[in-house]
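Now for the letters of each chain:
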Amino acid sequence: MPKETLGSTWTAIALRNAIHSGDVSALEVCESYLDRIQETDAMWNSMTAVFRDEVLAQAAAVDQARRTTTQRQPLLGVPVTIKDVLCTRGNLTTAASRILSGFRPPYDATVVSRLKQAGAIIIGKTNCDEFAMGSSTEHSAYGPSKNPWDPTRTPGGSSGGAAAAVAARFAPVSIGTDTGGSIRQPAAFCGVVGLKPTYGRVSRYGLLAFASSLDQVGPLTLTVADAALVLTVISGLDPADATSADQPVPDYTSALTGTVADLRIGVPRKMVDAGDSGLDGEILGAFNRALEVFREAGATLVDIELPHASHAVPTYYLVAPAEASSNLARYDGIRFGARSTHNETSDESDSSALSLMYNRTRKLGFGPEVKRRIMLGTYALSAGYYDAYYLKAQQVRNLIRHDYDLVFGNERGPHVHVIALPTTPTPAFQLGEHSENPLAMYLRDVFTVSANLTGLPAISIPTGFTEKRLPIGLQLVGRAFDEETLLRVGDAYERRTPWNKQSPKGVDPKQQVGQATQDN
Amino acid sequence: MANRLTRADVDRIASLAHLELTDDEAELFTQQLAEILGYAERLQKVDTSEIDATWQLHTSLNRVRSDSLAPSLSKNDVLSNAPDGKADRNNEIGSFFRVPLVLD
């Protein structure tokens, strides 16, 4: 094939097959992606590190091994990017925070080592909100990423660099993390697929923790089939993560039958139509058209109620910061990362030098959003406020979980198999639009946080464009550990719609680099 | 229910969290956190008198592992990222992380 088009429309499965058969070499694949990153990432700022020399050496080794062995790994030679909150051995891993400047972890996250064992080539790290706290990638020490569909807008967050990197065709697969929507919302904003697996499906070992009962690792891809392939590779019990689930790992790609005629899809009408969700009319239109696609494919649409859905955002913004304030206590300038020492001569306080070092390190190391959440979480956990805020939120969380239990049914069979929702109430917003008002940004997580509070798997898939040609996401939420049905429904939708076959103007191989910005 | 968050609360919380805030930051957080907590007040109206808190998402019991020896990171690996570690890695009494003086 002509090398200049390589990678532009290629899925991980297509690349893997071509490398297996020898139609392309891993080296030319990786060179093509590395060249595209080098030529265009100045526009998107999606990558925090690119491992060019290592990648070329690994790709050459893949090609050498392919000629001498019959081994055909599931992601052989496929370039993958990793969100900068996941440890990559010996490579800079900073969580986009100054407090981890210079940190080179001595081990790989389990998800990274599983990808490598499957033949994937880690080509670089992606930008994100600091410690994954944010919905816009604006809270990054590396500066904001930009949306490949419109560089004046955010790619979303916190896995904004990961979503932009897939949309810009820097790799067919990005690994992100999702604590309150951080895979699904950027996937929706950038017109790609984003999967948050069930809590415990994928090991969190080597993930720089934000909120340990909510965090989950998952793939961003161009197609649902690629997400299924990657999930098969990265899932499973891990002795290093006590919360990883001891559940069998099926071949998720074999679940993609294309049929939904036997399935019931729940639609929480009241939640979608509620005035306070701020749902954009174009998003609602796209959502309703997606439901029609399912109806025509033979699925049964069922009206469902999630009575406590409106409590999800306030519950999330107490639980997540509480867990964050505890997790981020480890960044104290002693064992890793940056340390700031105070000026001893000007110190008239009776605090110890150690205490002053902690305070100064954290003052200079953390950005404003991380500080805000540490403060909020510390308050919610502090004596006298714990019952009213943290405990109350954990109780309401149980009510939210109960809503979903009722809808998904019991051992006699589910009432519905998946729930359909918009991923976001609006398309990608302008960079800086919410920088003065954190609460306004939090409220936009209305459709995504419940899947984290309940631990349920959820996926965002492209479902059209606004008049300004901004991507729109359709979200599906599934039963715990039933990613097979979730992916089957997503794939069936994708087969019947054209949305995931479109790419932003700037990455069209027929266009010259740089033209996209001139159009805007 | 809690009263509106004050600047004194913010200063107290910052000290609990080992965060040194500038005056401007403390003023801004007082206003922003009060707004966020005010929004979260709506949870107080939810009747949770008979409801357990969510402590765990899986119903499975805790897993225990056998207490057996397994490889772990080397001392050099562990100390390799210490911000003030290099000088102390191999001195005469051993390898340590170094911290500012705690006791006089």
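Residues numbered from 1 in each chain as written. Chains lettered and ligands numbered in written order. Predicted model: local features only at pLDDT ≥ 70, side-chain atom pairs only at ≥ 80, totals over all residues. Heavy atoms only, no water.

1. With respect to the interface of chain B and chain A
At step 1: Taken together, the contact between chain B and chain A spans 53 residues of the former and 72 residues of the latter.
At step 2: One can count three salt bridges joining chain B with chain A.
At step 3: A salt bridge links Glu20 of chain B to Lys363 of chain A, with the nearest nitrogen and oxygen atoms 3.6 Å apart.
At step 4: Our enumeration of links across chain B and chain A arrives at 19 residue pairs in polar contact (both at pLDDT 80 or more).
At step 5: Those elements that place two or more of their residues in the side of chain B that touches chain A are helix H1 (7-16) and helix H2 (23-40) of chain B.
At step 6: The dominant element in the side of chain B that touches chain A, judged by the number of residues it contributes, is H2 of chain B, at nine residues.
At step 7: In the side of chain B that touches chain A, the residues fall into 30 nonpolar, 10 polar and 13 charged. (Contact = heavy atoms within 4.5 Å. Salt bridge = Lys/Arg side-chain N within 4 Å of Asp/Glu carboxyl O. Polar contact = N/O pair within 3.5 Å; in protein donor to acceptor, adjacent residues only side chain to side chain. Helix = DSSP H or I, 4+ residues; strand = E, 2+ residues; numbered from the N terminus. Nonpolar A, V, L, I, M, F, W, Y, C, P; charged D, E, K, R; others polar.)

2. Side note on helix H9 (residues 281-296) of chain A
Residues and elements named next belong to chain A.
At step 1: Counted at 1.5 Å a residue, the expected span for H9 with its 16 residues is 22 Å, and the 23 Å between its end C-alpha atoms agrees.
At step 2: Capping the start of H9 is the job of one residue whose side-chain oxygen sits 2.8 Å from the backbone nitrogen of Glu282: Asp280.
At step 3: Positioned one or two residues after H9, Gly298 has a phi angle of 100 degrees, which is positive. (Expected span 1.5 Å × (residues − 1).)

3. Considering empty space enclosed by the protein
Residues and elements named next belong to chain A.
At step 1: What the rule picks out here adds up to four cavities of 30 Å³ or more.
At step 2: Empty space within the largest cavity amounts to approximately 90 Å³.
At step 3: In this structure, the largest cavity is lined by 15 residues; those nearest its centre are Gly134, Ser135, Gly180, Ser182 and Asp445.
At step 4: Of the residues that constitute the lining of the largest cavity, the class distribution is five nonpolar, eight polar and two charged.
At step 5: Here the second largest cavity is characterised by a volume of approximately 50 Å³.
At step 6: Forming the boundary of the second largest cavity are Ser135, Gln185, Phe189, Thr424, Pro425, Thr426, Phe429, Met441, Arg444 and Asp445.
At step 7: Split by residue class, the lining of the second largest cavity holds four nonpolar, four polar and two charged. (1 Å grid on protein atoms, 1.4 Å probe; cavity = no way out; pocket = protein on both sides within 12 Å on 5 of 7 lines; lining within 4 Å. Points joined across faces, edges and corners; volume = space filled by probe spheres on them.)

4. Description of the packing of helix H10 (residues 312-327) of chain A against H2 of chain B
At step 1: Look at H10 of chain A against H2 of chain B: their axes get within 9 Å of each other, and the N-to-C directions meet at 130 degrees. It follows that H10 of chain A is oblique to H2 of chain B by the angle criterion. In this structure, H10 of chain A meets H2 of chain B at a crossing whose hand is left-handed. Contacts between H10 of chain A and H2 of chain B involve Val313, Pro314 and Leu318 of chain A from the first element and Leu37, Tyr39 and Ala40 of chain B from the second.
At step 2: Looking at the contact of H10 of chain A with H2 of chain B residue by residue, the classes come out as six nonpolar, no polar and no charged. (Axes fitted to C-alpha atoms, helices over the stretch in contact; angles between N-to-C directions. Parallel < 35°, antiparallel > 145°, perpendicular 65-115°, else oblique. Left-handed = near helix turned anticlockwise from the far one by under 90°.)

5. Let's talk about the sheet that holds strand S3 (residues 121-126) of chain A
Residue and element names in this part refer to chain A.
At step 1: The strand order across the open sheet built from 11 strands is S1-S3-S2-S4-S6-S5-S10-S11-S9-S7-S8, with neighbouring strands paired in mixed fashion. Whereas interior strands pair on both sides, the edge strands pair on one side only; in this sheet they are strand S1 (47-50) and strand S8 (300-303). Neighbour to neighbour, the strand axes of the sheet diverge by 30 degrees on average, direction disregarded.
At step 2: Here helix H5 (residues 160-167) sits on the sheet in contact with S1, strand S2 (79-83), S3, strand S4 (173-178) and strand S6 (216-221), set at roughly 155 degrees to S4. (Pairing = 2+ DSSP bridges.)

6. Examining the side chain of Asn500 of chain A
Residue and element names in this part refer to chain A.
At step 1: Considering the arrangement of structural elements, one finds Asn500 in the loop between helix H16 (483-495) and helix H17 (515-519).
At step 2: With relative accessibility at 12%, the residue Asn500 sits in the buried group.
At step 3: At 3.3 Å, the side chain of Asn500 forms a polar contact with the side chain of Lys501.
At step 4: Discounting residues that sit within four places of it in the chain, Asn500 has contacts with Leu222, Thr223, Pro462 and Glu494. (Buried < 20%, exposed > 50% of the residue type's maximum accessible area, 1.4 Å probe, protein only.)

7. Here's the deal with the nonpolar core
Residues and elements named next belong to chain A.
At step 1: Ranked by internal contacts, the top residues of the largest apolar core, which has 162 residues, are Leu115, Phe131, Ile175 and Leu487.
At step 2: Not counting residues up to four positions away in its chain, the partners in contact with Leu115 are Leu75, Val80, Ile82, Ala120, Ile122, Ile175, Val230, Val233 and Ile234.
At step 3: Listed in part, the 12 residues of the second largest apolar core include Ala162, Ala163, Cys190 and Val192. (Core = buried A, V, L, I, M, F, W, Y, C linked by side-chain atoms within 4.5 Å.)

8. Points about the confidence of the model for chain A
At step 1: Mean pLDDT for chain A: 92, with 93% of residues reaching 70 or above.
At step 2: Across residues 509-520 of chain A, where pLDDT falls below 50, the model places 16 contacts with residues more than four positions away in sequence or in other chains. (pLDDT = per-residue confidence, 0-100.)

9. Topic: the environment of Leu381 of chain A
Residue and element names in this part refer to chain A.
At step 1: For Leu381, the position within the fold is in helix H12 (residues 368-381).
At step 2: When the C-alpha positions of Leu381 and Pro321 are compared, they lie 9.6 Å apart, and in sequence the two are 60 residues distant.
At step 3: Filtering out sequence-adjacent residues up to four positions away, Leu381 remains in contact with Ala322, Ser325, Tyr386 and Tyr390.

10. Digging into the packing of aromatic side chains
Each aromatic ring pair is characterised by the separation of its centres together with the angle its planes make.
Residue and element names in this part refer to chain A.
At step 1: Under the definition given, this model contains 18 aromatic pairs over all chains.
At step 2: Between Phe131 and Phe366, the aromatic rings sit 6.1 Å apart at their centres with planes inclined by 70 degrees, giving edge-to-face as the arrangement. Within this pair, whereas Phe131 is found in the loop between S3 and H5, its partner Phe366 is found in the loop between helix H11 (353-365) and H12, the two being separated by 235 residues in sequence. The residues Phe131 and Phe366 share a single accessibility class, namely buried.
At step 3: A ring pair is formed by Trp149 and Phe465, whose centres lie 5.0 Å apart and whose planes are at 55 degrees; its orientation type is tilted. Of this pair, Trp149 sits in the loop between S3 and H5 while Phe465 sits in strand S10 (residues 458-465), placing them 316 residues apart in sequence. Residue Trp149 shares its accessibility class with Phe465, and that shared class is buried.
At step 4: Every member of this aromatic cluster is reached through a ring pair, and the members are Phe103, Phe131, Tyr331, Phe336 and Phe366. (Phe/Tyr/Trp six-rings, centres within 6.5 Å; stacked < 30°, edge-to-face > 60°.)

11. Observations concerning the state of the cysteines
Residues and elements named next belong to chain A.
At step 1: Within this structure, the stated rule accounts for zero disulfides over all chains.
At step 2: Free cysteine: Cys87, not disulfide-bonded; nearest cysteine sulfur from Cys128 at 12 Å.
At step 3: Its sulfur unpaired, Cys190 is 14 Å from the next cysteine sulfur, which belongs to Cys128.
At step 4: Residue Cys190 is classed as buried on the basis of its relative accessible area of 0%. (Disulfide = S-S within 2.5 Å.)

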